[in-house]
Each structure stands twice: as C-alpha cells, then as structure tokens.
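Remarks on the overall topology
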Amino acid sequence: MSAFAERLARYEAGPPVRGVSAAGAGFEHRVMEAPGDLPQAPGLAPLVSQPVRRAVYLDVETTGFSTTGAALAFVVGILVRDEAAARAHLFVLWDPGAEGPMLEAVRDTLAGAMGPGAVLVTFNGRRFDVPLLAARCGRLGLAAPPWTPHLDALDHARRLLRYDLAHRNLSVLEAHLLGARRRGDVSGAEIPEIYEAFVASPCTKTRAAVERVVQHNRWDLEGLCRVAGALAGIEAAPRTLGQAVGVARRLLRRDRPQAAAELLGPRVAAERDRLARCRPELAADAACTLLQALLRSGRPGDLARARALAAWAGRHLPFDDRPARLLRRVAGACL
Amino acid sequence: MLDESTRFSRARTLLPGATDCGSASTGTGEAVVFAEDPIARAIAEITSDDALESVARHDEPARAGAFADWPDRLHPAVIAALARRGEARAYEHQARAIDHLARGAHVVVATPTASGKSRVYQAPVLTAVLADPRARALWIFPTKALARDQVEAFRSLAGDVAPGACGAATYDGDTPPDERRAARRRAHVVATNPDMLHRAILPNHERWADFLAGLSHVVLDEAHVYRGIFGSHVAWVLRRLRRLCARYGSAPRLVACSATIANPVEHVARLWGAPVVGVEGDRVPAGPRTHLIVEARLLDAAAGIRRNHVEATRRVVGALRRAGVVTAVFCRTRRRVELLTRYLREDEARDRSRTRRPNPAAEADARRRIRGYRGGYLPDLRRQVERDLRAGEVAVVATTSALELGVDIGALDAVVLSGYPGSVAAARQRGGRAGRRGGRSLVVTVLGSDPRDRFVAASPEVLWSGRVEQARIDPANPRVVVPHLRCAAHEAPLDPAGDAAVLALAREDLAAAAEHLVRGGRLVRRATGGGDRFVHVGGGFPADAVDLRGPCEEDFVVLEQAAANARDGHVLARVDYEDAPLYLHEGAIYPIEGVTYEVLRLDWPARKAFVRRVEADYYTEAVTRLRVRLLGPRPPARIGRGGARVEGAFVEIVRVVPGFKKIRFRTHETIGDGPVRVPDLSFDTTAALAVPDAVALAAALPDPARRVAAVLGAAHALRYAAAFASMCDAGDLGVAVLDGAGAPAAGGCAAALDPACPPQVDACLAASARPGVLIYDRRPGGAGLADGVLARFDAVVAGARRLVARCGCEAGCPACVGAGPSHTGAEAGKRDAETVLRRLAEDLLPAGGTA
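Keep in mind it's a predicted model, so treat the numbers as computed, not measured.

1. Considering helix α5 (residues 76–84) of chain B
Side chains of residues three or four places apart in an α-helix project in the same direction, reflecting 3.6 residues per turn. Residue and element names in this part refer to chain B. All of the buried residues in α5 are Val 78, Ala 81 and Leu 82. Along the long axis of α5, the arc covered by the buried residues comes to 100 degrees, so they all point the same way. In α5, the exposed positions angled more than 90 degrees off the buried face are occupied by Pro 76 and Arg 84.

Structure, rendered in structure tokens:
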C-alpha cells in the first residue's frame, strides 16, 4: 500500500450522493409513433434551399443553461420524419451516472437518421442544444454526433416574424401560427428543479414529475415540427409586409436582389403611406431593404426608383436617415 | 560601463556631497565617506537617541552587478526596446533564465527584490508572440492589484516593441463581461489569479480552447506565497491546467518568480508537478546597505518593562523624516499603521508650521507627505497612494504586509520594520524594498517586548545572515487531491494511465482516488478500449465547492453617514468578515489614514457598519478570547502506559469578543471600556489530542502552575514540529492545552495558544490536573492536517524534542518554548518542556497498540 493510499484510507468521504446508483444502464430509450398528420419533410425546402427527404428534429431538457459542460441533458428527444412515417425517440436519464451510455445511444440514433437528404431541425439549437450536447460529449470523452446540415427554426422565426410578434418562443409561435395551446404543461423554469428533486430523492412523486417533463419534450418536438412547416410556408408565400421584409433579407443575403425587389416593390408601394403613420419602424425597415435591393439589382430604372423611394422616406420618415445615407453611399459610388 | 552606470542615476542624485558615483560603489559603508549623506545623519540621530537602545549594526558593502548580453534568442525588437529603457545589457541571472527557458526548461527565478524578475517573462513572451501571433501566455499573480500592475507595465513595453502586436488583459472578478470576452478571444497575455483559474477558466475550458491550444508560457509570480494548504490547492489547479493544455495540444513552459526562500527549486517543482531549473544568485548591483537594530529602552529590567514600542518607532521614523529620507514603515498590525500615520502627521505638521497654533496649510501638507497603506483601504485610495509614492511626493508610508509583494511604488531609501515580522524571509522581502536603484539604503528594525522581537534581540544576525525559511506544500494530501480530481473529471474524463504523469501522481494512487469518488457516487467508471475512464456524474460546477483560500464570508463595508437619517452613505473601507467584530463593533474608533471615525451602528446581517467622522483622542481595542471545545473522539486512537493516549478529536473553535478598551493616543493609557455585542465566530475542525501519563508528569512537576506552563511550552514546540512533519505552514495549525480527563461530551474547554490572545488563567488551572495538548487544524472543517499529525506522531514528538534541545537558548526562548503564560515564571521553561515531551515519547511510543 503506498503512502498516499494509506492517507486516502483515513480520509473520510462525504456522504454519498443519494439516489444515484453508481453503475448500470440507468437510462431509457423509448420509441413511439408520432401523429401521422405532422408536416412532411420536403415542405422544409424553402428554408434549407436544397431538397429534403428526411427531417430530424432534436430537443433537450436540461438542468441549467450552461453550454460549457455544467448543465446536464436528462431528456433528449429526437423525432425522425420521412415519407413513410414519423417516429419519436425519447431518451430519459434516470441515473446521472449513465449519461455516457445514453449519449452514445443518442449519437447512434442521430447518426442513423442523418445522411444524404436529411436535415437536423432545432429550436435555438445553434446556440443551445447542439453546443450543450457537444460539450457534454467532450466532457465524457465521446465523439460528437453529426450536426449538419442544421436548420435552427428560431433564426427563421426571428427573421420572418420580427414585426408580427414581440416574443418568439415556441409556445407563442404555436399559438400564433397553429392556433394551438398546450394544457397541463410544465413551465421551462421548473424543469431543472424537477430533475434535482428526483435525483435527491427518487420516488413515485418525483418520477411522475420527470414524466411530465418527458411529455413536455414530446410536445416540444411535435410543436417544433409543425412550426418549422408553417415557417417554411411563410418563406414560400409571405402574407404580411413584415414577413416579406424577412424573406427579402434572406434573398439579399443570398445575392438575389432582383427577386427581393420584385417581392417587396409592389407591397411597399401599396402599404407605405399607411404604415408610415401607424408603424413607422416597419415602414423604414421595409424601405431600407427595398432600397438595398434596388441599388444592388442593376436593372434599368431601379436607380431612379431608389431615388424616388429615398425622397419619399425623407419626407415621411424624417427621424430615420438610413435611406438617405444608403443612397449617398451606394449611388454616390455608381454615379 | 556607461550602460551599467545608468542604473546608478538615483544614487548620484541622493548623494549631494559625494564627489562621484565611484565612491558610492567602493563599498566601505563607513559613515565618514558620506558625511553629508542624509542617511548617515539619520543614523547618527537614531543611535544617539536616549529613548532607544542600539542592539546591533551591520554594514553591507555595495555590490557590483554581473551583466551579460541579452540572449540572441530574444527578438531584436525586444532587445532594442529594452535598450531604449536603459537596459542595454541584462543582469547575468536574467540572461541565464531566458537561456534555460529557450532550451525548453521550466524555470524558477529566486532573486532579491528589484532584480528585474519581470523581464525574465516579459521578454520571452513578447518574442514568442512576435514569432507566432497565435502564442498565448497566462500570468498568475496572488492578488488582483499585482496582476493589474504587471499588465500596465507590460502594455507599455509591448507598445514600445511593436504597437498593436501583443495585447494584454486582466481576467479577474472585477473584469466586466465584455472585457472578459475580449480577453478570451484577443489578448495574448491574460493575467489572472489562482482562484479565477480554478473557478472560471478551467471549468469553462471550451470557451478557452484557442487560448489553451496556443499557450506557450505560464508565469507564476510570487511563487513563495503559495505555501501551506493554499499552496497545495494551487499545485492542483496548475496540474489541472497542464492536463487541459495537453488535451488541447500545448505544453506551456513555466516561468516562476520567487522571493528568497530556502528551497525555491524544490518548492516550485512540487507546485508545478515537474522538474524545474533554478536560477538563483544576487549579482544585482546594489548600493551599500546598513542594518540597524534598535529597541525601546528598558525601564525596569526585573519586570522586563520597556518604553512604548510605537513611540520608539515614531522616534526612528522621525529622524529619517527630518533627514529627508524616503521611508516605508512595515507594521505587524493594521492598527499600528493607523497610529503611526496619525502621530507622524502631527509631528510633520508641527515641524512645518513652526508655531504652536494650528496651521491648516501645514496639516494638509503633512497629510500628503505621510501616508498609510494597508488592506481594507478601497482600491482607489490604494492606487492614489501608489501613484503618489511613484511620483516622489510621499516622505513616509506606514504599511503592513500589503506592500511586501511587488506592487510598484518606485524608490525608497529606508525601510523601518516596526517589530520582527515573524520570519526571516518576510524580513528580507520587506528590507529589500529599500534602495531600489542601487543607492545607499538603510533598514532599521525596531524591537519591542513581543516574544518574537526578543528572539531577534538575542540573535540579531539572523536578519542578514540567518537561513531563510522553507516553503512547504503537500500536494499528496487526500483532502486536496480528491476534490480537485473531481473537478478534473468534470473538465474531461480521468484516465489513470494517461493522466498520471501530468498530474504528478502514481497511476495506482490516481486510480485509488478515482475509485474513492466512484464509491461516493461522484464519478462513474467507463470501460473503453484504452482502459478505464472515470467520468463526472451530473451537471453543476464541482469547482464551486472547492475554495482555495478557505471558506469565504462576505466582507463588511464601512459607510460614512452622509446626513442625518441617511440610511446609506458612501463607502470608506472594507473589512474582512473575521475582523469585523474586532474593529467595527458599536463604539469602536475606526481609523483610515489617521482620520478617526466612530462606529454608530453595526448591521451584522447586512454586513454594513455606519460611521461618522469624529475628532477622537483615543482609539479602541477589542478584547478577544479563543476557546477550544472538545466535541468528541475520532479514530484512530493509541493508548499508552498509565492512561497516556494520542487520538483524533472533533473540536469547536470559538472566538469571543466580550468587550473593548478605549486607549488614549500617545500615552496609551486605558481610559474606559465597554461591551461588544456581536455573534461569536466559531467553526468545527479536526484535531489531534495527546495526553501524557498524568501521575508520572505530576511526580516530575509537582507545582500545578509550573506543570501547565511546561505543557504550554511543549505545545509550542509540538506545533512547529507538527507543521514541519505535515509539510504545512505553522499558521495552518493551532495548539491548545486542555484538561485531558474532561469527558468530551461534557465539553472540556481549553486554553488556546494564539499570539493575538494570551491563554487564560482559569483554563490553564482547570487543565493542570491532567493536561493534554491539542493540535488542531485551523481550516474550518479541517484540511486533513490532524490526520497527518496522528500518522506521524512519533516523528512530531521527536522533532519537538530536537527543536527544544538544540535551541541555542539557556532557559527557553520564544523560538523553542514560546512566550508562556504571563503569570508563571519561565526560568526553567526549557527543562520543563523537555520533561513533558520526554513523558509523551516514553509513555506512548513503546506500547503502540492501535485501537
């Protein structure tokens, strides 16, 4: 026995963490059929700009918001939607010690579902779910699952619904886009406490609370699937001017200013005077976006249209000097 | 030669009468040469003062420095920038250290104060960044102030070398979030402290991935500070850092700097967990230095009563002040700093106004020229004092250990030690502050009647020729290892085979410690192709539960009430949690740079003290009592002959502050007292209890008072021996004498030996029938030191016997048997303590049955 081992033997351990059995595959992998009326994967094409044959929806429930390894994902939900069926995989970590095996199972499921024609869909996954799972895999010495191509629905919701909604969390989107309201759902803020209570004293009651979190995760997955479908519908055919501004911005980013100008031009012309009075910030943003599209399109006559639009903005939106500046910077260089 | 002489510019300006700088470096140190020298004038005045007695004087000649070219491995732009700053050539030790570093070694530089240690890391780091902009350096300082100082100094040098090429940032608790992001992403040099590394950087290493991947140098400044339990924790933080660096593919080199200690290479190698190369030597040019040791004159030789120590210090500093010598006065306590600041300002104002009437201009001038500097001042005030010191506007600064570390304060001509600081290393470090630029310097040590001072009075040469102390850490303490392994497993899975080398722990020991955590449910084992891995269970940050410097309570703030009925005023100072009952009780006078404030109300739960400014002619001193209560036994126990035993124990340490005294300034007479109503501070900890055979001891020492005094003396020696055997700092252990027969359940109280509060008569007498020695861990909860003492008890007793027997004194001195209780004669203290230690050894050692 080494000197250190002797000293270690005398070192009294603190009380063991209650409720944690150190070994064993303490996680559950549930596979269940999802409702057949969930939107089909190819419908997501407008958001992905490539053909989609299969969509893999991912959502995790965690013990905190740290994405550098301090928060634990104790429920991981994966919903695979392809032409034939929609199938949900729910992973529940009943024993924190089994996190490694569970993440390996999650990785295998993801790796099996992803592949040519497949896209990963999340809600805020770019900033949260994916880095969190990556950090936990790193901490446990596991290879990370495949993440790409990745569609974060929150990015698109922010862009498309910027002028329609003040908040863009999933339940608000479900209510706004689908008219659906959940009943008996747990609130996100309770979730970390529910799991801590379960780990501290696993019993029927705390286990039932975790089951409610699992149900919440399942609703999140289905909601995400429907919301992503609805967002793709908006992307294909924007209904309001605010949505059209969002679509036009994406077109500009993808260097299609003519399409953006064609989309926005008639709508701005029709609505600008009304909006300048009741929603000046939307009118100003729409004017700026259209102005950029016109200045970059290079079609004959667009420069003149841009001048006219800037002049209109100078009269009706005197608080905002962006249109005038844009015109000076770009048009000045052209002339 | 021209290059070297630039380093003596200060010396020339200081010596108006000296003919040239050659005479300053001939180095006889004779006062005759410097007849016009203000230091010589001050020495003459001090030695002729009737209130002071000279104990010793030692003159060190000037030293010529040894120089070398800057190693050509440094970037030419760096060498050019250094040359522009008057450092065309390097000190020989700087060149040697940079050479070792360039060859890939880890280096520790242990040289005196002001020997250009910071260049040893600044220049190679700049070179590394110029060669590869992805290179990064992590600088670790024990305090935030040092980190900030060094970053400022480095920015100035880096801006000189190549503007914009090398960014530096501090990363500590005061750094706002957006600056933290910038530091992580863009700074080449990040200066931080061990606590921040442990709690913020390592647990979030994903955010630091680029930084850690590019890490080329780790700088550990003031490495001698990391000793005892704190040092052992820091050793593990560094091991965790090295492990993560290895995972990110970097292998940073260490540059450690240390003040003069006896074992810099061994100490830093233990801290870093890998062999290091030592660069020692003091071939730095220095002007002649005079050590002067004086003491307050003895008034009554029989009773050992001396003139007041504060008064003696004031006289010494007064002489230096009048001679125009820039002086720092190091005091042992914060209260002493305040007293001296006040007295010296009064003296200065009186001298300047030359009239008896109050003179506001002179008083304002005195406030500017005489400054206080101590922990507890707000950062702004400290910065301002540092600035004024550098600008040369300050004549005298009174301070505590706060100025001991390398905060840049510019040049000082003289240092006064108001009392021996307790260790040779600290005395050297403080004395080293004098004569920074090679001018003549003076170190005056003023001794009083404190036991530590009497020890120096008996052998004054320790101050210049004594061996400095060793710094000790114990990185194999399971109480340190196990929590840090848990943190490490949280950062990345533990691999006993792969991590053993970088964690400097044998593979099977690492596996055993990991298994220990598995049994506690903190880790799980996972079998992989390359052997077992241990992974952390669950989320959260385990690092939050490990405190490097011991559990922290929130500080108190001192608020000045602005107007009548105002609830909050503006913040004047901060006071540590443990000190609040001593300084902030209601009715206390709290001084800040000599200005007195009276505490009106102490809001304990809110951690606030409300004060108002008063012109008090007294100050207050809290009375403290330390009580040790035995809570219960704890294995292992060993029973010896005649009921002698040594065993583990759980104890409760309680500090009570029953009241306070009002003491008049200058005369120091007690003019009143009052009660203090604050909660007692208490904590539980672990201890080792040793009780000798009572009958045999009583036969050897029949007088009960003398018996207790003997046990107290033995306890003092046991404490130092125990600290030595468990490789911790003596300050980490406390000792107490208690009634060894007292049933633990009944709660035997003990007389604790503590420099701050003398042992109490009643507790001593209660213990006299069957006295026992309790050695306790001063960390709340215990850091495992008591286990170490129990495991090596034989070695501890043997060490204590050696300490007492080999001490040079005749009848016992503060160094071997301590000061002893004041009510017992200590003429035979040494022999009596030896008797007690012999009893312990003989009663306990041969039997050796473990229960």
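2. Some remarks on unusual backbone geometry
Residue Pro 149 of chain A is bonded to the preceding Thr 148 of chain A through a cis peptide linkage, with omega at -5 degrees. Position of Pro 149 of chain A relative to the elements: it lies in the loop between α4 (125–139) and β6 (150–152). Phi is positive for Glu 222 of chain B, which is not a glycine, with a value near 55 degrees. With respect to the element layout, Glu 222 of chain B can be found in the loop between β8 (215–220) and α12 (228–247). The residue His 668 of chain B is not glycine, and still its phi comes out positive at about 60 degrees. You can see His 668 of chain B is positioned in the loop between β27 (645–664) and β28 (670–675). When its relative accessible area of 19% is taken as the criterion, His 668 of chain B is described as buried.

3. With respect to the confidence of the model for chain B
Low-confidence regions, as indicated by low pLDDT, have predicted coordinates that should not be scrutinised in detail. Residues and elements named next belong to chain B. In the predicted model, chain B carries a mean pLDDT of 82, and 85% of its residues have values of at least 70. Long-range and interchain partners of residues 821–826, a stretch whose pLDDT sits below 50, account for seven contacts in this model, where long-range means more than four residues apart. Taken as a whole, residues 847–851 scores under 50 in pLDDT and shows eight contacts with residues more than four places along the chain or in a different chain.

4. Looking at the sheet that holds strand β22 (residues 570–575) of chain B
Residues and elements named next belong to chain B. Across the sheet, which stays open at both edges, the five strands sit in the order β22-β21-β25-β24-β23 with mixed pairing between neighbours. In this open sheet, the two strands that pair with only one neighbour each are β22 and β23 (589–592). Geometrically, the sheet is characterised by an average inter-axis angle of 35 degrees between neighbouring strands, direction not taken into account. Alignment of strand β21 (residues 556–560) against strand β25 (residues 608–613), held across four bridges, turns out to be parallel. Paired with Val 557 across the strands is Lys 608, a residue of β25.

5. What about the nonpolar core?
Leu 44, Tyr 57, Val 76, Ile 78 and Val 121 of chain A are the most contacted members of the largest nonpolar core, which has 111 residues in total. Setting aside anything within four residues of it in sequence, one finds Tyr 57 of chain A in contact with Leu 44, Gly 77, Ile 78, Leu 79, Arg 81, Val 121, Leu 221, Leu 224, Cys 225 and Ala 228 of chain A. Counting 97 residues, the second-largest nonpolar core is a separate cluster that includes Leu 126, Val 255, Val 385 and Leu 403 of chain B.

6. Side note on the sheet that holds strand β10 (residues 277–280) of chain B
In a beta sheet, neighbouring strands pair by backbone hydrogen bonds and run either parallel or antiparallel. Residues and elements named next belong to chain B. Reading across the sheet, the seven strands line up as β6-β7-β5-β8-β9-β4-β10 and stay open at both edges, with parallel pairing between neighbours. Each edge of the open sheet carries a strand with a single partner, namely β6 (168–170) and β10. Recorded for the sheet is a direction-independent mean angle of 15 degrees between the axes of neighbouring strands. Two elements, strand β5 (residues 136–140) and strand β7 (residues 189–192), share four bridges in a ladder whose sense is parallel. Each bridged residue has a counterpart across the sheet, and for Leu 138 the counterpart in β7 is Val 190. Helix α13 (residues 264–272) contacts β4 (107–110), β8, β9 (253–258) and β10 of the sheet and is inclined by roughly 140 degrees relative to β4.

Conventions adopted
- Residues numbered from 1 in each chain as written.
- Chains lettered and ligands numbered in written order.
- Predicted model: local features only at pLDDT ≥ 70, side-chain atom pairs only at ≥ 80, totals over all residues.
- Heavy atoms only, no water.
- Buried < 20%, exposed > 50% of the residue type's maximum accessible area, 1.4 Å probe, protein only.
- Helix = DSSP H or I, 4+ residues; strand = E, 2+ residues; numbered from the N terminus.
- Arc of directions from axis to C-beta.
- pLDDT = per-residue confidence, 0-100.
- Contact = heavy atoms within 4.5 Å.
- Pairing = 2+ DSSP bridges.
- Axes fitted to C-alpha atoms, helices over the stretch in contact; angles between N-to-C directions.
- Core = buried A, V, L, I, M, F, W, Y, C linked by side-chain atoms within 4.5 Å.

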